[in-house]
Amino acid sequence: MKSNTLFLCLLCFSLNAVFGQKKSEPHFLSLLKQAKAYKTQKKYDSAIVYLEKAVDDSQHKKRWEDYVKATIAVSDIYKVLKKMDKADSVFAAGQMELNKVSQSIPKIYARFIGAYHKFLLVRNDTDAIIPLYANLLNTAKRLSPSVLRDSLMQESYYWLGYMNYELEKLSESLIYMDSSTFLIHRIYGDRHIKNVSQLIGTSKVYQLIGDYAKAHTLLEQAHGIIKNNKVDPMLLAESYMSLGSILSTRNRNENDSQEALAYFQKGLAFISKHKEVHKHYFDIYQKEIAEVYFDLKDFKRALEHIELSLAHWDKYYAPEYGPQAFILFAKSKILSRIGKYEEALDILDISNELFLDVNSSALADNFLLTGDIYRFMGKPKAADSMYQRAIEVLIPDFEAEMMVNENFKPDETLFDGLIKKAEVNAEMYDQRQDLKHLTISYDFYQIAVNYLTTTRKRFFSDHAKIDLSKRTRNVYSEAINVCVKLYTLTGEDRYLKTSFSIADRNRYNTLLENIQNQQIHLRLKIPQQTRDMEKALRKDVYNARARFRQFKTDAAVDSPLIDSLKNEVGRTESRFQAFLNKVEQEHPEYTHLKYGSITIDFKRLAAMLNDDEVMIQYFIGEPGTLYIFALSQEELFFKEQKWHADVAAQLRDFMANKNDFDPAFARKQYKLLLEDVLKKFPSATRLIILPDRELSNLPFEALITSSQGSKKTRYLIEDYTISYHYSANVLLNTYERKKPTRRFVAYAPEVSGGLQSLWWAKQEVNTLAKLFDGDLVMGTQATKSHFFSNAGQYDMIHLATHGVVNNEHPLLSKLYFSDTEKSGSNDVLFGYELFNTELTANLVTLGACETASGNILEGEGIWSLGHGFSYAGVPNIVMSLWQLSDQPANDIITSFYRNVEDGFPYVDALRQAKLEYLKSSDKVTSNPFFWSSFVFFGDIDRPSESSGYFYWSILLLLPAIVAMFYFRRKRSFQRLPGKSEAEVSS
């Protein structure tokens, strides 16, 4: 807290840069001189008399610069006399007078606002600062377009953002901060020193929200500017501090802690050379270093550094001043981990009193730590009480039943309170078997999961979303565990449905958000121009991020280019965020719909299933539990299985040795994953699989349902039609898409540069183009630009090319196209480019290898190339799990399309193609390696849209067919003499 206050003081007079000084009149100067003389003699009442005359004189003559100078001087004397209310009234009177003329004297008005701001900061009256800058902003907006107008608006936006941050109104803060960033870039460019305070301030907001990736990016930008410019030493000290703090707070692993420690030690070395900076920052650096050692579980060294921090505080600052509470809090946290519970509680009592004067979030943290200590002491009831107090500090009149579907704003302290409340009540149930505690735990877990859903949507960076999911996966697991216990104890279906819904919320969230965003645009009738602008800005962001990631890993690229690309990421993100903020302001309902809670409509979901269909959802819980949910038209079934770490490892080995298929393992996985479900639903013949984590790489079709001695192995595909889908929520959320105008296109690029020739692919696409009378784009014509210009017209798209998976950066996975501009080279389509593409296709078939493979990301599942086509709006995708064998792949794909042409739904067409292949295969080629790589993600039971062309053709020809049939029947009747028409009909 103290560092934030110092930071504000450092920046407080940044407005002065836009002021000019006019020479004051002799009479006014004489009054000031007399006042100064009395002030020196400590005759303050006489000084005030002369200054008030100066105020009246300058007001009468409308010399507003002198008026501001005299008003500030009067308030300064009242501050010396510790008459803060009188000083405040002087400022208030001055503001009221200046408000009348602010439009004509914007520079002078801004100077006054800066001085009043500084005074209110000393009084810790953040609430009163916000109206000051709201008035300045309104004044600036009424000015003619100019650098002055932009400068005043930028300063106003910045301080409105920072003050809202201090008040923990984080969403409002970000709106103002992003507007300020946009104006700074417009006025000064992105490398000017003016950006530093802006970047550091904005990073603090993102850090408090929990978007550490974005906060870290902003701080790296700030640090890069600082290194190349001469800046105030306090800014550099703040930069080192903030960078270390981000990494320490994020704390994903030990590397984060070590990197944070390195920044803090660099900062300490720097401030030791600057006496004034050392005075202000030494205690904070020592506290932060103590926090890092705490995370590393080196409690002895943590305690040493916290004592250094307290000793520095005692030397330079008044005892029991508010910000000291943060150091005391850190010390009590360390003491609690070395078993000194009573001492820790005594210190927390002191910090509690101090936190009353600081902020509600810090006070809530204090209550949470107190609750933790009670839990360590084996006092869960006392802990529960403290957790409740923490929550009520943040949300007065909190009632769990009313908060289940609340649209939360990000607040990590609140989230911690909700989780701890849920955990301790689950523990009390285990100890006392009182169902009341388990019900309380259920309520709070529901609220916590909803918090995660809404908070995740507010994060701007994909990395931040995934990082949040990584840190909180255990929350979903524990929440499901509590739901399952309640279902087992009560038999109430609502608990089982809640567990299914919670499991569903932790998969493919970014895809779901994209779909829901499209729905919101259509529902609110947001203008097409606005939607196009959003698409263009989003594309800029993805392109900038991708370029930065590409070059960052290239050792040959120099540092200035990396810095430039990093700044470009910041610029594009700021522009996009400012645009989204504007959309939310112009469409208030947009915010409610975008951040609203997600619930599964089970009636609607069940109604989507046919009577022979079962949707099976898997969730790998922590620790060592596999939850299996199976939904039919009539009921929701649940099964809990043991999931050992060696099973996951065996599954990875199984996928790594696909050409050495292990029938015993395939049989074992069938028994673990499906046997009980299929016994429960004996009439089921069609399965929708919603896999989780490692299961996303498993071709369920190749699981063995029976294998008796020398009898032929029977695979699951022989009895069931199998489709895969991302999540139930993705399946439920659809939006109206543009209709395709052409039927089929196949791409077969000419590849080079050491890539294997695609001879089989050329044969394949030739056959398919003839089959559908579609378009064929081959060789050097099959370029990426051709794809983006034309693919949006087609109902079915087939891509027969090479693909490369990038597991470290999934959005940099790529498909190869020809490059006509560079003879003999390739062009590539990166996964991120699909995220901002709109395709009308109902089916895309990816003939490239491993297009269903990718890195498993928490909250998302697999980010594969196929995943990218789902973002582009394609509802049905055929893709491959591993490298393909040419001839079998060609046979299966060709057969698949023939079945589509015959009117089969896509999934049935693919199953039939695989069965045809199996029927004609021998002992070697029947190995699942050859036929089970292709999987279908999409709508399992709907007829293919492309077959609609066939049916529409039939409907159009129906009158002619009926007429032809009638005349043929008529002639037949005439050729049968002696029989009546009725007899012929019979």
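What counts as what
Residues numbered from 1 in each chain as written. Predicted model: local features only at pLDDT ≥ 70, side-chain atom pairs only at ≥ 80, totals over all residues. Heavy atoms only, no water. Helix = DSSP H or I, 4+ residues; strand = E, 2+ residues; numbered from the N terminus. Expected span 1.5 Å × (residues − 1). Buried < 20%, exposed > 50% of the residue type's maximum accessible area, 1.4 Å probe, protein only. Contact = heavy atoms within 4.5 Å. Phe/Tyr/Trp six-rings, centres within 6.5 Å; stacked < 30°, edge-to-face > 60°. Lys NZ or Arg CZ within 6 Å of the ring centre and 35° of its normal. pLDDT = per-residue confidence, 0-100. Axes fitted to C-alpha atoms, helices over the stretch in contact; angles between N-to-C directions. Parallel < 35°, antiparallel > 145°, perpendicular 65-115°, else oblique. Left-handed = near helix turned anticlockwise from the far one by under 90°. Nonpolar A, V, L, I, M, F, W, Y, C, P; charged D, E, K, R; others polar. Patch = residues over 30% accessible without salt bridge, like charges linked within 9 Å, V, L, I, M, F, W, Y side chains within 5 Å. Areas by Shrake-Rupley, 256 points an atom, 1.4 Å probe, with all protein chains shown as cover. Salt bridge = Lys/Arg side-chain N within 4 Å of Asp/Glu carboxyl O. Lys, Arg positive; Asp, Glu negative; His and termini not counted. Charge placed at Lys NZ, Arg CZ, Asp CG, Glu CD. Polar contact = N/O pair within 3.5 Å; in protein donor to acceptor, adjacent residues only side chain to side chain.

1. Thoughts on helix α3 (residues 44-60)
With 17 residues, α3 extends 24 Å between its outermost C-alpha atoms, agreeing within 8% with the 24 Å of an ideal straight helix rising 1.5 Å per residue. Along α3, the residues that are buried comprise Tyr44, Ala47, Ile48, Leu51, Ala54, Val55, Asp57 and Ser58. In this structure, the buried residues of α3 make contact with α2 (26-40) and α4 (64-80).

2. Some remarks on the environment of Ser696
Looking at where Ser696 falls in the secondary structure, it is placed in the loop between β4 (686-690) and β5 (704-706). Under the relative-accessibility criterion, Ser696 is labelled buried at 10%. Linking Ser696 and Tyr724, residues 28 residues apart in sequence, is a C-alpha distance of 9.1 Å. Setting aside anything within four residues of it in sequence, one finds Ser696 in contact with Pro691, Ile862 and Leu881.

3. Quick look at the packing of aromatic side chains
A full pass over the atoms with the stated rule returns 44 aromatic pairs. Judged by centre distance (5.3 Å) and plane angle (65°), the rings of Tyr162 and Tyr165 are edge-to-face. Here Tyr162 pairs with Tyr165, and both are found in helix α8 (residues 147-166), just 3 residues apart, close to one helical turn. A relative accessible area of 0% places Tyr162 in the buried class. Ring plane angle 75° and centroid distance 5.2 Å describe the contact between Phe929 and Phe930, whose orientation is recorded as edge-to-face. What makes Phe930 partly exposed here is its relative accessible area of 23%. Three or more aromatic residues joined by ring pairs form one cluster here, namely Tyr508, Tyr618, Phe700, Tyr724, Tyr726 and Phe937. Positioned above the aromatic ring of Phe294 is the side chain of Lys333, whose terminal nitrogen or guanidinium carbon lies 4.9 Å from the ring centre. When the ring centre of Phe619 is taken as reference, the NZ or CZ atom of Arg473 above it lies at 4.6 Å.

4. A short note on the confidence of the model for the chain
Considering every residue of the chain, the mean pLDDT works out to 82; 86% of them sit at 70 or more. Looking at the elements of the chain, mean pLDDT is at its lowest for helix α42 (residues 981-985), recorded as 31, and at its highest for helix α32 (residues 675-680), recorded as 96. Confidence drops under a pLDDT of 50 for residues 941-986, and excluding neighbours within four residues, the segment shows 34 contacts in the predicted structure.

5. Quick word on the packing of α8 against helix α9 (residues 170-188)
Between α8 and α9, the least distance of the axes is 7 Å, while the angle of their chain directions is 150°. In terms of their interaxial angle, α8 and α9 are classed as roughly antiparallel. For the crossing formed where α8 meets α9, the hand is left-handed. For the pair formed by α8 and α9, the contact residues are Val147, Asp150, Ser151, Met153, Gln154, Tyr157, Tyr158, Leu160, Gly161, Tyr162, Asn164 and Tyr165 on the first element and Leu170, Glu172, Ser173, Tyr176, Met177, Ser179, Ser180, Leu183, Ile184, Arg186, Ile187 and Tyr188 on the second.

6. A word on the packing of helix α16 (residues 324-337) against helix α17 (residues 341-355)
Axis separation between α16 and α17 bottoms out at 8 Å; the angle between their running directions is 160°. Here α16 lies roughly antiparallel to α17, going by the angle between them. Classified by chirality, the crossing of α17 by α16 is left-handed. Contact with α16, carried on its side by Gln324, Ala325, Phe326, Leu328, Phe329, Lys331, Ser332, Leu335 and Ser336, involves Tyr341, Glu343, Ala344, Ile347, Leu348, Ile350, Ser351, Leu354 and Phe355 of α17 and no other residues of that element. Counted by class, the contact of α16 with α17 contains 12 nonpolar, 4 polar and 2 charged residues.

7. A short note on a negative patch on the surface
A cluster of acidic residues, Glu342, Glu343, Asp346, Asp349 and Glu353, forms a negative patch on the protein surface. Take Glu353: it is sitting in helix α17.

8. Remarks on unusual backbone geometry
Of note in the backbone geometry, Lys297 takes a positive phi value of approximately 65° without being a glycine. Mapped onto the secondary structure, Lys297 falls in the loop between α14 (275-295) and α15 (299-316).

9. A short note on helix α11 (residues 212-227)
The α-helix advances 3.6 residues per turn, and as a result positions three or four apart in sequence lie on the same side. Over its 16 residues, α11 runs 22 Å from end to end, which matches the ideal 22 Å to within 8%, given 1.5 Å per residue. Of all 16 residues making up α11, 13 are buried, and the element is well covered by its neighbours.

10. Let's talk about the side chain of Gln198
By the secondary structure assignment, Gln198 is in helix α10 (residues 194-209). Take Gln198: its relative accessible area is 1%, and that puts it in the buried class. At 3.1 Å, the side chain of Gln198 and the backbone oxygen of Met177 are in polar contact.

11. Topic: the pattern of salt bridges
On inspection of all chains with the given rule, the structure shows 33 salt bridges. The partner of Glu307 in a salt bridge is Lys331, with the nearest N and O atoms 2.9 Å apart. Taken together, the residues span a long stretch of sequence, with Glu307 in helix α15 and Lys331 in helix α16 at a distance of 24 residues. Using a relative accessible area of 35% as the deciding quantity, one classes Glu307 as partly exposed. With relative accessibility at 12%, the residue Lys331 sits in the buried group. The residue Lys485 makes a salt bridge to Asp430 at a minimum N-O spacing of 3.1 Å. Here the residue Lys485 occupies a position in helix α23 (residues 462-490), and Asp430 occupies one in helix α21 (residues 412-432), the gap between them amounting to 55 residues. The partly exposed category is assigned to Asp430, whose relative accessible area is 45%.

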